[in-house]
Amino acid sequence: MSRRDIRRKKQKRLINYLIVFIVISIILFLGIEEYKDNKIKKQIANKEMQYSAQDMNATYKKEEETKKYPKEEIPKEYKGYKIIAKLEIPKIELETFILSEYSEKALNVSVTKFWGADPNKQGNFCIAGHNVKIKNMFYNLRDLKIADTFWIIDNEVGRVEYEIYDIYRVEPEDVKCLSQETEGRLEATLITCTNDSKGRIIVKAKEKIL
């Protein structure tokens, strides 16, 4: 074989190597570009799914809040006193307005807020009422049992159901029932006098979670 043939063979081999290198480079380039394109598409799809999930969660949360706390308009005033909520206790057929002012005169009109959180807000909403045989007072409070339920309705939050978890009697000086340590729960405490007025009947309830 002549030197010319050897040189041509080497040139041909180099050309083949170069062609193979170019083909491999093109394949790698196209593969990398496709990988980048797929990655971008995947990121876009993930973001769309994330936004869609957030929208769905927001819609679901809004629906749940509406379902959980149905809205109901209550009057703002009763016999010259400001109303902050309405109390409904089906067990004893009681429907009464809760007045914002706590005074002897107000207690003769209806039950009133005595202490603590505002109605249907985090904390312990304490309600006081006389033990007298009037339809909007706490005369039949003693007939309630643990697991009985009642409703507190206000114009801001809505209608919230509470379940009784404790009923007991205390001396007038015992104010432990007014504690606001509720561990983040919505609680309500109903307070009235015993028949002899020497003690207090305490009904403790917390929001009923379905």
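First, a word on scope: everything that follows refers to the structure included in this document. (Residues numbered from 1 in each chain as written. Predicted model: local features only at pLDDT ≥ 70, side-chain atom pairs only at ≥ 80, totals over all residues. Heavy atoms only, no water.)

What about the environment of Pro70?
Residue placement: Pro70 occurs in the loop between helix H1 (3–68) and strand E1 (77–78). Among the residues examined, Pro70 registers a relative accessible area of 33% and is labelled partly exposed. The spatial distance from the C-alpha of Pro70 to the C-alpha of Ile153 is 9.1 Å, given a sequence separation of 83 residues. Apart from residues lying up to four places away in sequence, Pro70 is in contact with Gly158 and Arg159. (Helix = DSSP H or I, 4+ residues; strand = E, 2+ residues; numbered from the N terminus. Buried < 20%, exposed > 50% of the residue type's maximum accessible area, 1.4 Å probe, protein only. Contact = heavy atoms within 4.5 Å.)

Some thoughts on the pairing of strand E5 (residues 123–128)
E5 sits mainly inside the fold: six of its six residues count as buried. Here four bridges tie strand E4 (residues 111–116) to E5, and the two strands are oriented antiparallel to one another. Bridge assignment links Trp115 to a residue of E5, and that residue is Cys126. The antiparallel pairing of E4 with E5 creates a hairpin that spans six residues between the two strands, and Asn120 there sits at a positive phi of about 60°. (Pairing = 2+ DSSP bridges.)

Concerning the pattern of salt bridges
Under the counting rule described, the total for this entry stands at nine salt bridges. A salt bridge links Lys86 to Glu88; the nearest nitrogen and oxygen atoms lie 3.4 Å apart. Considered together, Lys86 and Glu88 belong to a single accessibility category, that of buried residues. With a closest N to O distance of 3.4 Å, Glu95 and Lys86 form a salt bridge. Salt bridges here are not isolated pairs; linked through shared partners, they connect Glu72, Lys86, Glu88, Glu95 and Arg159. (Salt bridge = Lys/Arg side-chain N within 4 Å of Asp/Glu carboxyl O.)

What about the nonpolar core?
Formed by 26 residues in total, the largest nonpolar core has its most connected members in Leu87, Ile89, Phe150, Ile152 and Leu190. Elements with a contribution of two residues or more to this core: strand E2 (81–89), strand E3 (94–99), E5, strand E6 (149–153), strand E7 (159–170), strand E8 (186–193) and strand E9 (200–207). The greatest single-element share of this core, amounting to four residues, is contributed by E2. Beyond its immediate chain neighbours, meaning those up to four positions away, Ile152 contacts Ala85, Lys86, Leu87, Pro119, Asn120, Phe125, Ile127, Gly158, Arg159, Val160, Tyr162 and Ala188. Membership of the second largest hydrophobic core comes to eight residues, among which are Ile83, Ala106, Val109 and Ile153. (Core = buried A, V, L, I, M, F, W, Y, C linked by side-chain atoms within 4.5 Å.)

Considering the pairing of E4
Put simply, side chains in a regular strand alternate between the two faces of the sheet. Where E3 meets E4, two bridges bridge the pair, whose relative direction is parallel. What sits directly across from Ile98, in E4, is Val111.

Quick word on the environment of Ile98
With respect to the element layout, Ile98 can be found in strand E3. When its relative accessible area of 0% is taken as the criterion, Ile98 is described as buried. Setting aside its immediate chain neighbours within four residues, Ile98 contacts Lys82, Ile83, Ile84, Ala85, Lys86, Leu87, Val111, Thr112, Lys113, Phe125 and Ile127.

Comments concerning unusual backbone geometry
Of note, Glu183 is a non-glycine position whose phi angle comes to about 55°, a positive value. Position of Glu183 relative to the elements: it lies in the loop between E7 and E8. Its relative accessible area of 74% is what places Glu183 among the exposed residues. Positive phi, normally seen in glycine, also occurs at Ser197, with a value near 65°. Mapped onto the fold, Ser197 is located in the loop between E8 and E9. With relative accessibility at 48%, the residue Ser197 sits in the partly exposed group.

Comments concerning the packing of aromatic side chains
Inspection of the entire model under this criterion finds three aromatic pairs. Ring geometry for Tyr78 and Phe97: centres 5.4 Å apart, planes at 55°, overall tilted. Note that Tyr78 is positioned in strand E1 and Phe97 in strand E3, a separation of 19 residues in sequence. Note on Phe150 and Tyr162: the rings are 5.8 Å apart at their centroids and 15° apart in plane angle, and the pair reads as stacked. Separated by 12 residues along the polypeptide, Phe150 in strand E6 and Tyr162 in strand E7 bring together distant segments of the chain. Exposure class is identical for Phe150 and Tyr162. Each is buried. One residue, Arg159, lies across the ring of Trp151, its end atom 5.1 Å from the ring centre. (Phe/Tyr/Trp six-rings, centres within 6.5 Å; stacked < 30°, edge-to-face > 60°. Lys NZ or Arg CZ within 6 Å of the ring centre and 35° of its normal.)

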